[in-house]
Amino acid sequence: MACRSVSSWCHPRAPNLDIFTCVKDSHIWAIENPLNSAIARPLCELSSLVPPQFLAPHKKLKVYCVVAHTLQPHLVSAGTNIGVFVCEFDAKALPPAAPLRTAPGSREHDAVFVVGRELKLLQFQLSNPANPAPGSSGSLNDTGKLRGDIPEQLHVKQIKKHISTPVPHDFYSVLSVSSSGKYLAIVWPDIPYFSVYKVSDWSVVDSGSARLLVWDTCRDRFALLESILPPRMPIISKGSSSKKVKEAAAAAAAAAAQAAAAAASSATVQVRILLEDGTSNILMRSVGSRNEPVSGLHGGALLGIAYRSFRRMGAVQPMPLSGYGSRSVSSFSTMDDGFSSTRSSNEASPQTFQLYSWETFQPVGGLLPQPEWTAWDQIVEYCAFAYQHYIVISSLRPQFRYLGDVAVPYATGGIWHRRQLFVTTPTTIECVFVDAGVAPIDIETNRRKEEMRLKEEQSKAFAEHGELALVTVETKQSTSKERVTLRPPMLQVVRLASFQQNPSIPPFITLPKHPKADNHSPIQMEERKVNEVAVGGGGVAVAVTRFPAEQKRPVGPLVVAGVRDGALWLIDRYMCAHAISLSHPGIRCRCLAAYGDAVSAVKWASRLGREHHDDLAQFMLGMGYATEALHLPGISKRLEYDLALQSNDLKRALQSLLTMSNSRDIGHETFDLNDIMNLSSKKENVVDAVQGVAKFAKEFLDLIDAADATGHADIAREALKRLAAAGSVKGALQAHELRGLALRLGNHGELTRLSNLVNSLVSIGSGREAAFAAALLGDNILMEKAWHDTGMVAESVLHAHAHGRPSLRSLVQEWNKTLQKEMEHTPTTKMDAADAFLASLQQSTISSLQDSAKKPPIEILPPGMASLYGPNPGQSTSKKPLHTSHHPIAKQLLLEGPAPTPQNASTPSEPSEPVNPPAPEPADAADNPPTSEPASTDSKPEAQSQSEETDASVQQVPQSDNGPIELQPSDQEPVEDEEQKSLATSVSDTEGSAPPASKGNSAIATQEASQQSDDKGTEADDEISMIDFT
């Protein structure tokens, strides 16, 4: 063949192909075993990938050059006569290798892999495994950089050994190791066939027909999908373009589709177990009762089965890659074999994923979306389900609980190392640190499990000893119930390696190196900033960066072998081992804490810059190591307080809080009002202390609560002193903080400080908070004073009414005066000339000045209280009033609905003696005569009859020749009791000098007075009963 382009290529799905080329046709050709047979086979046919509108019927597609991506070999670009094609060849396929368990105490690690039809062993280890101890000073190179902290590839010593056991096929294979490490399983999904080998002697213990095989995490048992794939479509040889050949190919494709559907529907999941002697037994022949065909298996602590309906074949023609005869099928075909990486959204059908128990083979939970792959922790604590754009992480103990997901897209594989999940993607290597935290449902689950355990023990004891086991001796048992602090889950992702490296600089433009510090290129300065170390106390080399620079990722698909000797081991497509360093202090401390060795993590923190200790302490707190994180020397006081509170070290929390708030010098003495008002001029240090306490008021309250819960009264008292001193300053604490302070002072019996707090709050105008504090003291007088002195008259009225205070009447009068002033006060609004003119043209709503003066006063009373303008409760009403007014009386305003008023029967009264006419009133009394208000509804009938008789006698006034003379009513505002007393005195002085009335006038006055009494008896009755002549 006349090759137009040749390029080297290696892919796990095509283990026997090393070179691909093009020969100016529509195929990409691959050369198999160039050193031995050099057989050329078509890799794929590009004509079927071109839409019809881009390729004319008479025009043929021709490939001129082919090149593979340098860093991602699954991406291949082909240059054709109609454009450039970018093809992807199964980015999720991994090399056929699997790590084996390392013997205890051995520094040499093993992995097994398949090459051709041979099984080989890879042994690898670090050539310079000298890791400095956590407390040592480390080793520095000539440039002053710490060895091991430099982001460079570690030197690996590795060797490949032959194993005398051959394998039956040279197709694409998938290797997996059992949980105990005693057995190795190899699956050839394109055959399909599987074999299980015993690692000790590499003997075959089980084999058969299967396309998928997964292991249980807890025992040496596995599940397999037994099925036989139908023969694929026949291969169209080059130059076969006749009509008969195409029709035969179409018929074969239809037959293959039908056979594939039948084979998929008949596939069953079988579970087998390997015993100690190496024999294999079948536990379950068919797991699951669903009708959908099985498309995937996932191992772990639970067996995962993915169901999917059969998909139609794609348009890409499959091409053989290796093998001969009818089994020479393509690993990149679009048949639904569970390994195709390119899935069209139009062809994809709904997928379901169900978890099953390995013990009972019953479903566990509901249906889930089908993941790409799953990874389960060896100690069955965590699991990860990988999807296309993220990884879902869940905890398994004490129950299955979703923790969260991390945005790691296109992940190809991962492995757990305690609470660390190492993940590989086509371009990066990530480490996910995981902690489940503490949830309320976990606490409840553990409590129920403990109760069930105790019941089981009791039932066993009863079955063994009878009723004697139920006899208990009552003794004093001191059960210290530890307070469990809830903690949210923590997920942190750290990138370890990628292809993002610093760009290389050509030698001819590289600046010469000078010893002076000011002559450095930007690249060198950046590299120095990343890798620079500082020397701390005792000569310990300290890394100044939080995390190391991203290391160089090996090219191609990788298998994660695990963490050993402080490094992450990887195996590439050429079966070479690579080590990613984990020796940077920022990574090493996190790995140790996640593994459970928090003490070593704190020791390693001495090699990390102190500016990064807060970040490390937050990580350790999320992992549940608050007590150990307190020993980090570089943490801030704010974080030290949080850690001390979490670890119940309240004495250290108090010291940190006093340092943060700068309040060590306050709280020992009390301040009066003058000191508080002059803090800024006389006591500058106290000003800073008060501001600090106000800033951390919430922390003080939390510390007091924690001290009360654990019985540390002295710590709570010290915090209360500072907080009470700050509460005396106006505006220092908020309202809810003042109430919390008062409540805690009352709980601790600090009555003197609480009383001082009330007085301080009253002086600064915090009425509600002062009343709340007074209520804690139980002092009603102080509560009333707190409300009254801060202008909260309504609250003081309600309080006095509720507790029967004697000051109720005066408080109600003051309240009504305040309301009257608010009603009379009209807000002034600015008006221009035009608005004033238009307002003057409007018709006045007040008809006369007399009507405007008839506004009744506001009178709002608590329920059951007599009117303010009537007699005081318990006062006699024997004195007669002077005169009455007959204008309409305003209705009384009550806090409750008015009670029914009894009807007053007005009867004409016969005067026993004549009444002298009143003398003229003084000018001041005439200007402001008293205005009567309706009496309260609970007046007695005797008072009503007395009022009626008095009303009839008052109506007997002297008459003139033209008619009777009546007193005109007054519409002015009510006067005070003192004015009423002066008015009564003036009337009594002038009563004796009035001339006597004649008999005729007296009779006419009596008749008219009785008629008026009949018409307006009730009104006058109410008015007279409210006039106070005392």
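Whatever comes next refers back to the structure up there.
The sections below set out a description of the structure shown in this document. (Residues numbered from 1 in each chain as written. Predicted model: local features only at pLDDT ≥ 70, side-chain atom pairs only at ≥ 80, totals over all residues. Heavy atoms only, no water.)

Focus on the nonpolar core
Looking at soluble globular proteins, one finds that nonpolar side chains tend to be buried together.
So, step 1. Counting residues in each nonpolar core, the largest one holds 93 residues, and the members touching the most others are Leu-496, Leu-568, Met-620, Leu-643, Leu-703 and Leu-723.
So, step 2. For this core, the element with the most residues is helix 14 (residues 713-727), which contributes eight residues.
So, step 3. Each residue touching Leu-568, except ones within four places of it in the same chain, is listed here: Phe-422, Ile-429, Leu-496, Val-560, Gly-562, Val-563, His-578, Ala-579, Ile-580 and Leu-582. (Core = buried A, V, L, I, M, F, W, Y, C linked by side-chain atoms within 4.5 Å. Buried < 20%, exposed > 50% of the residue type's maximum accessible area, 1.4 Å probe, protein only. Helix = DSSP H or I, 4+ residues; strand = E, 2+ residues; numbered from the N terminus. Contact = heavy atoms within 4.5 Å.)

Re the pairing of strand 31 (residues 490-498)
So, step 1. Sheet topology places strand 30 (residues 428-435) next to strand 31; eight bridges connect them, and they run antiparallel. Residue pairing for strand 31: Glu-430 is matched across the bridge by Arg-495. (Pairing = 2+ DSSP bridges.)

Observations concerning helix 8 (residues 637-646)
So, step 1. Those residues of helix 8 lying buried are Leu-639, Glu-640, Tyr-641, Leu-643, Ala-644 and Leu-645.
So, step 2. The elements touched by buried residues of helix 8 are helix 6 (613-622), helix 7 (626-629), helix 9 (650-661) and helix 13 (697-710).
So, step 3. Backbone geometry just after helix 8 places Asn-648 at a positive phi near 65 degrees.

Brief notes about the pattern of salt bridges
So, step 1. Scanning the model with the defined rule gives 31 salt bridges in all.
So, step 2. Salt-bridge contacts for Arg-447 lead to Glu-451; the nearest nitrogen and oxygen are separated by 2.5 Å. One end of the pair, Arg-447, and the other, Glu-451, are both in helix 2 (residues 440-465), four residues apart, so they sit about a helical turn from each other.
So, step 3. The exposure class of Glu-451 is partly exposed, given its relative accessible area of 37%. (Salt bridge = Lys/Arg side-chain N within 4 Å of Asp/Glu carboxyl O.)

Let's talk about the sheet that holds strand 5 (residues 63-68)
So, step 1. Pairing within the open sheet is antiparallel, and its three strands lie in the order 5-6-7. Of all the strands in the sheet, the pair left with one neighbour each is strand 5 and strand 7 (84-88). Each strand of the sheet is rotated relative to its neighbour by a mean of 20 degrees, with strand direction disregarded. (Axes fitted to C-alpha atoms, helices over the stretch in contact; angles between N-to-C directions.)

A word on the packing of helix 16 (residues 751-763) against helix 17 (residues 767-777)
So, step 1. Following both chains from N to C, one finds helix 16 and helix 17 inclined at 155 degrees, their axes separated by 8 Å at the closest point. Our classification of the angle between helix 16 and helix 17 gives roughly antiparallel. Crossing hand, helix 16 versus helix 17: left-handed. Contacts between helix 16 and helix 17 involve Leu-751, Leu-754, Ser-755, Val-758, Leu-761 and Val-762 from the former and Glu-769, Ala-770, Ala-773, Ala-774, Leu-776 and Leu-777 from the latter.
So, step 2. Among the residues making up the contact of helix 16 with helix 17, the classes are represented as 10 nonpolar, one polar and one charged. (Parallel < 35°, antiparallel > 145°, perpendicular 65-115°, else oblique. Left-handed = near helix turned anticlockwise from the far one by under 90°. Nonpolar A, V, L, I, M, F, W, Y, C, P; charged D, E, K, R; others polar.)

What is shown is where atoms sit, not what they do.
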